[in-house]
Amino acid sequence: MQITLETKPYATLETDALVSCVFEDTDPIQGTLAEIDKSANGLLRKLSTSAEFTGKPLEMTLIHAPAGLKATRLLLVGAGKRDKFDVATLRKISGAALRYLKARSVKHLAFLVCENGLNEDSAQAIAEGAITANFETDKYKSDKKNDKSIDSVVIAGYSDKEKAAGEKGLTRGRIIAEAQNFARDLVNEPSNKLTPKILAEKAEAMAKESGLAADILDEKRIADLKMGALLSVAQGGPEPPRMIVVTYTPANPKPGAPVIGLVGKAVTFDTGGISIKPAEGMEKMKYDMAGGATMLGVMRALAALKPNVKVICVVPSTENMPGGKAQKPGDIQTAMSGKTIEVLNTDAEGRLILADGVHYAKQLGATHLVDAATLTGAIVVALANINVGVFGGSDQSWTDKLLASAKAVGEKMWQMPMDDEYREFIKGSFADIQNIGSGKGGGSITGAWFIREFAGDTPWIHLDIAGTAWNDDAKPWLAKGPTGVALRTLVNLVMSY
Ligand code: BES
Ligand code: ZN
Ligand code: ZN
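None of these values were measured; they are calculated from a predicted model. Within any chain, residue numbers begin from 1 and follow the written order of that chain's sequence. Chains and ligands are labelled sequentially in the order written, the chains with letters from A and the ligands with numbers from 1. In keeping with the predicted nature of the model, local features appear solely for residues at pLDDT of at least 70, side-chain atom pairs appear and are counted solely at 80 or more, and the whole-chain, interface and lining totals rest on all residues. Note that water and hydrogens are dropped before the side-chain values are worked out from all heavy atoms of the structure.

(A) How the structure looks around the overall build of the protein chain. Secondary structure elements are taken from DSSP: a helix is a run of H or I of four residues or more, a strand is a run of E of two residues or more, and numbering for both begins at the N terminus. Within the protein chain, the regular secondary structure consists of 15 helices and 20 strands. Taking 2.2 N^0.38 as the reference for a compact globule, 497 residues should give roughly 23 Å; the C-alpha atoms of the protein chain span a radius of gyration of 24 Å, in line with that estimate. Overall, the protein chain is about 80 × 50 × 40 Å in size when its C-alpha atoms are taken along their principal axes. For the protein chain, the proportion of its 497 residues judged to be buried stands at 56%. When checking whether two residues touch, look at their non-hydrogen atoms; a contact exists if any pair is within 4.5 Å. The long-range share in the protein chain, meaning contacts at least 24 apart out of those at least 6 apart in sequence, stands at 78%. This radius of gyration counts C-alpha atoms alone. The globule rule is 2.2 Å times how many residues there are, raised to the power 0.38. In this scheme, a residue with accessible area under 20% of its type's maximum is buried, one over 50% is exposed, and one in between is partly exposed, where area comes from a 1.4 Å probe on protein chains only.

Right, here's the structure in full:
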C-alpha cells in the first residue's frame, strides 16, 4: 500500500473514495463540508437534516457519485465532538475508514484532513491509522482478506506551504506503523512457526536490515553466564532458549543522556509448565511473547528515526513446557544476579526470565529500564483490555515521563500502586524470594515487585500488557488479534531525549 501527500485541490482528486470527517456539532456542515455541500446541490445538508448522519464517533455515511467531486464516492466519518478531537481520534477515523472501504473492494482512497489543524501530527496519525488498519491476520488462510487490498492512500487538503510538515509526519507515521505491524506479525505467529530460535533469527535479520547490532546468546552462552532463572523455564521442553540483544548506538550521543534498556518477555508458548493451564483458551498463549515483539518493533522504528540516545533491547525467549525435565513447584533456582528463587508456581515464568533479562540489560550498561510483558491474568481483572498496567520504581519522574509519552500518542496506560507492603508477599521461606505472592491478592503488583528486585536502584518501569496486547474482537480500525500496544509510547519516550 502506497501512501502519499497531495496538495491538489480535493475536488480534482480522481479516487475511488474521498474520506472526510464530520463533527457532532449543532451544524455539522461547516468549512470544507459546506463547500462540498454547495457543489453537491445541498445533498449533505439534506442528509444531515434527516439525521442520516450526525457526526457521532465512527459513524459511516457513504455517498456514491457525489456531484462536484472527481472522486467516485464520498465517505463521511463521524468524528465526535469538535472540542474532544485529537490525533488519537484522527488515527482511529483513518483506520476505520480504510477498513470500511477495503471491505467494499475500494482500491484507492484519499483522506481529506479535517480542518482542525493540517500539521505534521495529523499526517502522522492518518498514516499510522491507515497502515495499522491494513494489517490482517490471515497469513495462513487460503482465502486472504488482503486480496481485497487497498493499493493507495492519498493524504489531501494540505497547501503547498504545509506540504513539508505533512510529509515529515507521514514519514514518521509510516516508520512507526510499519514497526508496529512487524511486532504484530511476530505475535500472530503460532508457536510451531515461532520458536525461541526462530524469533532470534527474525530479530537478527531485522537488525541487519535496519543497521542495528545484534547478539544472540544460545543455550551454551546462557548457561556460561549462569542465567539460571531463564534456564529453569527452558528446561521443561526441547526447544533451546535464546537471549536476544539488539543495540542502537547514536552517531552523536547526547551528553549526559541515559542508556535505555528495553526488556521484553518472549515466551513463545506458555502451557504453564507443571502448574499447567486449563485447556480452554490455552491456544491464546502463543501471544505470551508480545512484550519481546514490542521491544523488537521499537528497535526497528528507532533504527530509522535515529534518536540521540543509546538503546539496548534485551529479549529473553523460551517455551514454558511441562516435559519430564521441567522444573517443579518448590524447586529453588539461582538467577544470574545470584539471588535464589523458590518457584512455587511454574506458570509464573515471565518474571523468571525477566529477572535475568533485566539483570543482563543492567550489566550491558542500561541506566534506565522499561520492561514489557504479558505477565498476569490479574491485570486483565484490574484493567480489562482497556489500559496497560504501569508499575514504577522509586524514580517517579521516569514513570511520569513514560505516562506523558503514552498520553501524547493516545495509548491508555494506568499507574498501579507499588507500596513496600506488597513486597512482603514475595519474601521467600526457603529462598531469597518466591515467584508468587502468598495468597493475598494483588497478583499483578507482586509480579512487578518480583521484577523490581532485579532492577534494584536502577530507574525501572514494568508494563503489564496481558490485557491489551491481544484484541479478542476486531475493532473498526484494527483486525482481531495482536495490537502492538506500547510500541508508540516507547518510541515517543526514546525520541523525547
Ligand atoms: N502468560 C501468563 C499471563 C497471562 C494470563 C497473560 C492470561 C494473558 C492472559 C503468565 O505467565 C501467567 O501464567 N501468570 C500467572 C501468574 C500466577 C501463577 C501468579 C497468572 O496470571 O495466572
Ligand atoms: Zn505463565
Ligand atoms: Zn506467561
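(B) A look at the sheet that holds strand β13 (residues 340–343). Any two strands with at least two DSSP-identified bridges between them are counted as paired. Here we have three strands laid out as an open sheet, ordered β12-β13-β17, and mixed in their pairing. Each edge of the open sheet carries a strand with a single partner, namely β12 (331–334) and β17 (433–434). Relative to β13, β12 runs antiparallel, the two being bridged by four bridges. Residue pairing across strands places Gln333 opposite Ile341, the latter belonging to β13.

(C) Expanded view of the packing of aromatic side chains. Only centres within 6.5 Å qualify two rings of Phe, Tyr or Trp (six-membered ring in Trp) as a pair; their planes then separate them into stacked at under 30 degrees, edge-to-face at over 60, and tilted for everything else. Summed over all chains, the structure comprises four aromatic pairs. With 5.1 Å between their ring centres and 80 degrees between their planes, Phe23 and Phe85 make a pair best called edge-to-face. With Phe23 in the loop between β2 (17–22) and α1 (31–39) and Phe85 in the loop between β4 (73–78) and α3 (87–102), the pair connects residues that are 62 residues apart, well separated along the chain. Like Phe85, Phe23 is buried. Ring geometry for Tyr422 versus Phe425: centroids 5.8 Å apart, planes at 70 degrees, classification edge-to-face. Looking at Arg104, its charged tip hangs above the ring of Tyr100, at a distance of 3.6 Å from the centre. Distance and angle both matter: a charge sits over a ring if NZ of Lys or CZ of Arg is within 6 Å of the ring centre and within 35 degrees of the ring normal. The residue whose ring lies beneath Lys401 is Tyr497, and the NZ or CZ to ring-centre distance is 4.5 Å.

(D) Geometry of the coordination of the zinc ion (ligand 3). Any N, O or S atom lying within 2.8 Å of the metal counts as a donor, with the limit raised to 3.2 Å for Na, K and Ca; because water is left out of the atom set, some sites can appear incomplete. For the zinc ion (ligand 3), the protein coordination sphere consists of Lys265 (NZ), Asp270 (OD), Asp288 (OD) and Glu349 (OE), at 1.9 to 2.4 Å. Metal sites are grouped by the angles between bound donors: all angles between 85 and 135 degrees with four donors is tetrahedral, opposite donors over 155 degrees apart with the others between 65 and 115 is square planar for four donors and octahedral for six, and any other pattern is irregular. Around the zinc ion (ligand 3), the six donor atoms sit at angles spanning 77 to 172 degrees, and that spread fits a shape best called octahedral. Between consecutive donor residues of the zinc ion (ligand 3), the sequence gaps follow K-x4-D-x17-D-x60-E. Separating the zinc ion (ligand 3) and the zinc ion (ligand 2) is a distance of 3.2 Å, and Asp270 donates to both of them.

(E) Here's a closer look at the site of ligand 1. Summary of the distance rule: residues count as near a molecule or strand when at least one heavy atom falls within 4 Å of that molecule or strand. In the vicinity of ligand 1 there are 16 residues, among which Lys277, Asp288, Asp347, Glu349 and Gly377 approach most closely. The term polar contact refers here to a pair of N or O atoms within 3.5 Å; inside protein, the definition further demands a hydrogen-donor-capable atom paired with an acceptor-capable atom, and it admits residues adjacent in sequence only when both atoms are side-chain atoms. One nitrogen or oxygen atom from the side chain of Asp288 is found 2.8 Å from a nitrogen atom belonging to ligand 1. One nitrogen or oxygen atom from the main chain of Leu375 is found 3.3 Å from a nitrogen atom belonging to ligand 1. Exposure was quantified through the Shrake-Rupley algorithm and a 1.4 Å probe, taking into account, for residues, occlusion by the shown protein chains and nothing else. Considering ligand 1 on its own, with 500 Å² of exposed area, one finds that the protein chains cover 77% of that surface. Each residue belonging to the shell around ligand 1 can be placed in one class, and the counts come to five nonpolar, four polar and seven charged. Under the convention adopted here, Pro, Cys and the residues Ala, Val, Leu, Ile, Met, Phe, Trp and Tyr are nonpolar, Asp, Glu, Lys and Arg are charged, and Gly plus all remaining residues are polar.

(F) Region of interest: the coordination of the zinc ion (ligand 2). Within the protein, the atoms that donate to the zinc ion (ligand 2) are Asp270 (OD), Asp347 (O), Asp347 (OD) and Glu349 (OE), at distances of 2.0 to 2.2 Å. Geometry at the zinc ion (ligand 2) is irregular, judged from its six donor atoms and the angles of 70 to 167 degrees they form at the metal. Taking the relative accessible area as the measure of exposure, Glu349 reaches 1% and is therefore buried.

(G) The nonpolar core, seen in detail. If you look at the biggest cluster of nonpolar residues, it comprises 104 residues, and the most contacted ones within it are Leu296, Met299, Val370, Leu463 and Leu490. Listed in part, the 33 residues of the second largest apolar core include Ala17, Val19, Val106 and Ala130. Nonpolar cores were defined as sets of buried Ala, Val, Leu, Ile, Met, Phe, Trp, Tyr and Cys residues, with membership established by side-chain atoms within 4.5 Å.

(H) Broad picture of helix α10 (residues 350–363). Compared with the 20 Å implied by 1.5 Å per residue over 14 residues, the 20 Å span of α10 between its first and last C-alpha is a close match. Burial analysis of α10 places 12 of its 14 residues in the buried class, which makes it a mostly covered element. For α10, every residue scored as buried is listed here: Gly350, Arg351, Leu352, Ile353, Leu354, Ala355, Asp356, Gly357, Val358, His359, Tyr360 and Ala361. Positive backbone phi, approximately 115 degrees, marks Gly365, located one or two places after α10. A helix is expected to span 1.5 Å multiplied by its residue count minus one.

(I) Region of interest: the side chain of Thr195. For Thr195, the location among the structural elements is in the loop between α5 (163–188) and α6 (196–210). The class for Thr195 is buried, based on a relative accessible area of 9%. The contact partners of Thr195, leaving out residues within four places of it in the chain, are Glu239 and Thr268.

(J) Focus on the pattern of salt bridges. For this document, the term salt bridge refers to a Lys or Arg side-chain nitrogen within 4 Å of an Asp or Glu carboxyl oxygen. Under the definition given, this model contains 20 salt bridges. Here Asp25 and Arg82 are joined by a salt bridge, their closest N and O atoms 2.9 Å apart. Here Arg82 lies in the loop between β4 and α3 and Asp25 lies in the loop between β2 and α1, a separation of 57 residues in the sequence. A relative accessible area of 27% means that Arg82 is categorised as partly exposed. A salt bridge links Lys139 to Glu189; the shortest N-O distance between them is 2.3 Å. Linking Lys139 in the loop between α4 (120–133) and β6 (152–156) with Glu189 in the loop between α5 and α6, this pair joins segments that are 50 residues apart in sequence. Given a relative accessible area of 39%, Lys139 falls into the partly exposed group. The network of salt bridges with shared partners includes Arg91, Glu128 and Arg488.

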